[in-house]
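# Reading the structure
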Amino acid sequence: MTGSSASDSSCLIAKSKTNGTEMNGNTTRNTYTAIENNTYSYEVIKDIADYLLDRTTIRPLIGIICGSGLNSIADMITDTKVFEYEDIPNFPVSTVEGHVGRMIFGYLENMPVMAMQGRFHYYEGYPLAKCSMPVRVMKLVGVRYLMATNAAGGLNSKFKVGDIMLVRDHINIMGFAGNSPLQGPNDPRFGPRFPPMTNAYNAHLIKIAKQVAKDMGIENEIHEGVYTCLGGPNYETVAELRMLRTMGVDAVGMSTVHEVITARHCDLTVFAFSLITNKCATGYDSSEDEANHEEVVTVGRSRQAVCGELLCRVIREIAKECPNKAQVK
Ligand SMILES: O=P(O)(O)O[C@@H]1C[C@H](O)[C@@H](CO)O1
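Predicted model, so just to flag it, every value in this text is computed and none were measured.

## Some words on unusual backbone geometry
- Along the chain, Gly 232 connects to Pro 233 via a cis peptide bond; the corresponding omega equals 0°.
- Structurally, the position occupied by Pro 233 is in the loop between strand E9 (222–229) and helix H6 (238–247).
- The backbone phi angle of Asn 110 is positive, close to 65°, even though this residue is not glycine.
- According to the relative accessible area criterion, Asn 110 is partly exposed, its value standing at 43%.
- Within the chain, Thr 256 stands out as a residue other than glycine whose phi angle is a positive 70°.
- Counting through the fold element by element, Thr 256 comes out in the loop between strand E10 (251–253) and helix H7 (257–265).
- Using a relative accessible area of 0% as the deciding quantity, one classes Thr 256 as buried.

Here's what the structure looks like:
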C-alpha cells in the first residue's frame, strides 16, 4: 500500500500544503491540514513512513527514542539522514527543553537505526496515541526493535543519581483511569485488540545489558526495576511517591509506557532503560530533593556518554544475532 486514498477523508494529509511559499513576506515551512480528531489511521502512518523511506536508502531495524538530556545518544549515529519533525507531514513537534525534534536515520554498530531526538509527552497536550504514533511509523518503516530511554526520578532507595535502571516492567497508571494509546477502534494491521503485556520488556536483552554493564565496569550503577509514567507536567507529591513505592514502583517518569504498549501491540521487541536523574522526595523535610527539569537535563547530559555506550554495546550484541544479517551494513 502506498499513500492515502483521496476518498478517505480520515487520512487526507496534504490538502493545504504550502511548500516554501511566501506569506506576509516570510518564507513558510510546509503546512498540512490537521488530521481529523487527532486520529492517525494506518494510511496516515504509512504515508509518514513512506515519506521517510522515499528520502533515504537506509532501512532501520532498530528504533531509538532519546530521553530528556539524552539527545547525544543519536549523535553517535553515522552516515546520517536527518529529518526535522516540522518537515515530516503530520508529525507533531517537540515542545520540551532537552528534546530537539529530529528523526535521524543512519548506522550504529553497523546496524541500520532510526532515532528520535525528542519524544512527545501527554502533558504537551498530545493524546497518548499521538505521543506514541512514531512507534507505529517505526514499525511501518521496518523496525524490529524499540530501544526507549528516559529520564526518571529514583524511588528505590538503592538508586543513586546517575544510575541506570533497566526497565523490567511497568505500571500503567494512566491506563488504570482508562487512558490508553490503543483506545478507540483497533486496526488489526498493527496488532490485536487485546494484546498481552506479560513480557513487554525483553528478558534476553536485559540479560545482555547486564553483561554489557559488567564489561563496562559499571555493574554497580545498573539496576533492574519497575517504571511508571504519570501524566505530568508537575512532579509528584510526597504522598503520591509513597503510594507508588508501596505499589512496587522503582522509577517515576512521564513517558515510555504508552510507547512500549504501542510497540508490543505491533510486535516490536522492546528494550528500555531509565537514567535516574534525581531522587524522589519521599519526605517533607527533604527540600533539597525537589525535582526540577534543569537538573534532569543536566544529569542527562552528564551521563549520556555512558548511556550511549550501553546502548551501542547492546546493539552490537543484537547485530550478532540479527535474523536478517543482509540488512546489517
Ligand atoms: O522524555 P523523558 O521521559 O526522558 O522526560 C522526563 C519526563 C519529563 O518530560 C521530564 C521531566 O523533567 O523529563
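## Some remarks on helix H1 (residues 42–53)
- The end-to-end C-alpha distance of H1, which contains twelve residues, comes to 16 Å, matching closely the 16 Å that a straight helix rising 1.5 Å per residue would cover.
- For H1, a buried count of twelve out of twelve residues is recorded, marking the element as mostly surrounded by other parts of the structure.
- Looking only at H1, the buried set comprises Tyr 42, Glu 43, Val 44, Ile 45, Lys 46, Asp 47, Ile 48, Ala 49, Asp 50, Tyr 51, Leu 52 and Leu 53.
- If you follow the buried residues of H1, they end up packed against strand E4 (78–84), strand E5 (102–108), strand E6 (111–117) and helix H3 (133–141).

## Considerations on the pattern of salt bridges
- Within the structure shown, the criterion is met by twelve salt bridges.
- Of the charged contacts in the structure, one is a salt bridge between Asp 187 and Arg 189, with a shortest N-O distance of 2.9 Å.
- Of the charged contacts, one joins Glu 224 and Lys 210 as a salt bridge, the two residues approaching to 2.3 Å between their closest N and O atoms. In this pair, Glu 224 sits in strand E9 while Lys 210 sits in helix H5 (residues 203–216), placing the two residues 14 residues apart along the sequence.
- Each member of the salt-bridge network shares a partner with another, and the members are Glu 43, Asp 187 and Arg 189.

## Here we look at the UniProt feature "binding site: a purine D-ribonucleoside" (unreviewed entry) in the protein
- Mapped onto this numbering, the UniProt entry gives "binding site: a purine D-ribonucleoside" (unreviewed entry) at Glu 236 and Asn 278. For the annotated residues, spread through 43 residues, the largest C-alpha to C-alpha distance comes to 12.4 Å, consistent with a single compact locus.
- Those residues in contact with Glu 236 that lie beyond four places of it in its chain are Leu 230, Leu 241 and Val 252.
- Checked against the element boundaries, Asn 278 lands in strand E11 (residues 269–279).
- The contacts of Asn 278, once residues within four sequence positions are left out, are Ala 152, Gly 153, Gly 154, Val 161, Ala 291, Glu 295 and Val 296.

## Re the site of the ligand
- Inspection of the region around the ligand gives 13 residues, with His 121, Tyr 123, Tyr 235, Ser 255 and His 293 positioned closest.
- Residue Ser 68 places a side-chain N or O atom 2.7 Å away from an oxygen atom belonging to the ligand.
- With respect to the ligand, the side chain of Arg 119 contributes an N or O atom lying 2.9 Å from an oxygen atom.
- In the complex, 96% of the free accessible area of the ligand, which totals 340 Å², lies under the protein chains.
- Within the residue set of the shell around the ligand, elements represented by two or more residues are strand E7 (145–154) and helix H8 (293–321).
- By residue class, the composition of the shell around the ligand is five nonpolar, seven polar and one charged.

About the cut-offs
Here the residue numbering is sequential within each chain, running from 1 through the sequence in written order. Under the rules for a predicted model, residues below a pLDDT of 70 receive no local features and side-chain atom pairs below 80 are neither given nor counted, while totals for whole chains, interfaces and linings still include all residues. The basis for every side-chain value is the complete set of non-hydrogen atoms in the structure, without hydrogens or water. In this text, helices come from DSSP runs of H or I with a minimum length of four residues, and strands from runs of E with a minimum of two, each type numbered from the N-terminal end. Under the scheme applied here, a residue whose accessible area is under 20% of the maximum for its type counts as buried, over 50% as exposed, and between as partly exposed, the area being computed with a 1.4 Å probe on protein chains only. What a helix is expected to span follows from its residue count: subtract one and scale by 1.5 Å. Should any heavy atoms of two residues lie within 4.5 Å, those residues are considered in contact. Any Lys or Arg side-chain nitrogen located within 4 Å of an Asp or Glu carboxyl oxygen qualifies as a salt bridge. UniProt positions are given in the numbering used here, feature names are shortened, and annotations may be inferred rather than shown by experiment. One heavy atom within 4 Å of a molecule or strand makes the whole residue count as near it. Under the rule applied, a polar contact is a pair of N or O atoms within 3.5 Å (in protein, one hydrogen donor and one hydrogen acceptor; residues adjacent in sequence only if both atoms are side-chain atoms). Only the protein chains shown count as cover for residues, and the accessible areas themselves come from Shrake-Rupley with a 1.4 Å probe. All residues other than Ala, Val, Leu, Ile, Met, Phe, Trp, Tyr, Cys, Pro, Asp, Glu, Lys and Arg, Gly among them, are scored as polar; the first ten of these are nonpolar and the last four charged.

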